[in-house]
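Structure assessment
As a plain string of letters, each chain reads:
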Amino acid sequence: MYQACASVTPRFRVPESLAVRHGERRNERGAIERIDALRHRRAIQTVTARLNRSRLDRRTVGWLACSYVAGVSAGCTATITPGVADPTASTHAGLIATRPTVAGTPKWEGTIGRKGKALGQFDTPIAVAVDVDGTVYVADAGNDRIVAISPTGVASSVRGHTGNRVGELSFPSAVTVGADGVTFVSDAGNNRIQAFGPSRNTELSTIGSAVRLAAPRGLAISSSGHLLVADSRHHQIIRVTFDGQPASAFGRRGTARGEFDTPKGIAIAPNGMIVIADAANHRIQCIAPDGRPIWSTGHRGVGPGDFLNPEGIVVADDGTIWVADTGNDRIQGFTPDGTPKWTWGRRGRHDGELDSPTGLAADGAGALVIADANNHRILRVARSAFVTVP
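Just so we're clear, the structure is a prediction, and the values are computed from it rather than from any experiment. (Residues numbered from 1 in each chain as written. Predicted model: local features only at pLDDT ≥ 70, side-chain atom pairs only at ≥ 80, totals over all residues. Heavy atoms only, no water.)

Describing the sheet that holds strand β28 (residues 377-381)
Using the following cut-off: At least two DSSP bridges between two strands are needed for those strands to be called paired. Put simply, DSSP H or I for four residues or longer makes a helix, DSSP E for two residues or longer makes a strand, and each gets a number counted from the N terminus. Note on method: axes are straight lines fitted to C-alpha atoms, helices fitted across the in-contact stretch only, with angles between N-to-C directions ranging 0 to 180 degrees.
Strand order in this open sheet of 4 strands is β5-β28-β27-β26, and the pairing throughout is antiparallel. Pairing within the sheet leaves two strands with one partner each, and these edge strands are β5 (110-112) and β26 (357-362). Going across the sheet, the axis of each strand differs from the next one's by a mean of 20 degrees, ignoring polarity. In terms of strand pairing, β26 meets strand β27 (residues 368-372) through 5 bridges, oriented antiparallel. Across the sheet, residue Gly359 finds its bridge partner in β27, namely Ala371.

Given below as C-alpha cells:
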C-alpha cells in the first residue's frame, strides 16, 4: 500500500569536518599539490575578508575563519563509509541553515532567458530553487555558474565561474537554499558539493573529496539535519549529518525497489519520506528515511505515469509530487500516493512547450518554476495551466 509523501522544514549545519583540504589544491592536470605557507596565509586572509563583507554576524565570521585554519591544520580528509562515524568530525555547533516551510512567491510570470553568457541569459540551465523571499536560483550548467533571479524577474547576481578551486564550478547540476541565504550546489563536473554564504562569493565549505562523489545531482535538506545527495554514477543516495558525521548511504545499481540507475532528482516529505527521480529506470520511488523502499511507479513510455529519463522532482505544500519527465518534454503531477493526475507541456520552444525540462521548484503560490534546459530558459507556470489526465 502506498504511503503518502509531502514537503518538509529542514535544518542543516555546514560542518568543519567537511571542509576541503585547504592546504592543498588541484593543478591544471587535476593532481593534488601543496600550497606554500605564504599563499596559505593569503588564502586565510582572503576568506576572512570575504566573510567580513557578508551579512553573517561577528561570532559566525570568527568561527568560520577559525574553522578554515583548523581545517588546514587537521587536513579534514576522513573517508566516509556508509553507516560508520567520521573519526575526524568536528563537534562544533557549526552554521545552522533552516529552510522555510513555504517558499516565497516570485512576482514575475512567463519566461526568462535565452541562450548566451550575459546576465539574464543561460546555457543549459538544469536546476532551480526558490528562496523564502521569492528569489529563484538557477544552476546555469553550461556557463558553470549559479544565477539569482530577483522576485521581480531580474537576473541580479552570479556566483561561480569555470574551474575546480573553491568557489569555482564545473557543470553545476543542482541547487538548494537554506535559511540565512546559505546555498548548496552540486558541482557535478568537480564531483563535489559546495556551500556558498549569503553574500556574493562567500564560499563556506566543500563536500566531495571525503565522500567520494561521482557526478552528484539532486540535493535536499531534511528536517533531521541531513543533506541528501543523489550520487548519480554510484547509483545511491548519500546522507551527511548536520554535525559533520557521515550518516549513511542507501541504494545500489539495479531495477528492484530500493535500487537505482542514475538517480538525478530528490525531494523530502514532511513525514521524512524521500522521493527520488530514478532516471535510467524511468520511474520515481518513495523511500523511507532508513532506506527501505515504500513504493515506486512508472516505466519507460509516453502515457500518463510513464517516463523517459525523469530528472527533476519537487513536492508541493499540499503533497503533490511534480516530476520533470525530461525525455517526454513534459511535467507530470502525482498525488501523494504516486497516482498520476496532471500533465503540462509538449516538445517545442513556444508557449506551453518544453525541450528537455530538467529542474523543478514550487513557489509559495503553488506555481512551478521550470528549468527548460534545451530552450535555455526558465519558466514560471501557474498550477491552473496543468491538465488533468484521463
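What to know about the pairing of strand β19 (residues 274-278)
As a reminder, the rule being used: Each residue is assigned to one of three classes by its accessible area relative to the maximum for its type, calculated with a 1.4 Å probe on protein chains only: buried under 20%, partly exposed between the two thresholds, exposed over 50%.
With 5 of 5 residues buried, β19 lies mostly within the body of the structure. Covered by surrounding structure in β19 are Ile274, Ile276 and Asp278 together with Val275 and Ala277, the residues of both alternating faces. Relative to β19, strand β18 (residues 263-268) is paired through 5 bridges, and the arrangement is antiparallel. Across the sheet, residue Ile266 finds its bridge partner in β19, namely Ile276. The turn joining β18 and β19, which pair antiparallel and follow one another in sequence, is formed by 5 residues; a positive phi near 95 degrees is taken by Gly272. Strand direction decides the pairing type here: β19 and strand β20 (residues 283-287), joined by 5 bridges, are antiparallel. Opposite Ile274, over in β20, you have Ile287 as the bridge partner. What sits between the antiparallel neighbours β19 and β20 is a turn of 4 residues, in which His282 has the positive phi angle 55 degrees.

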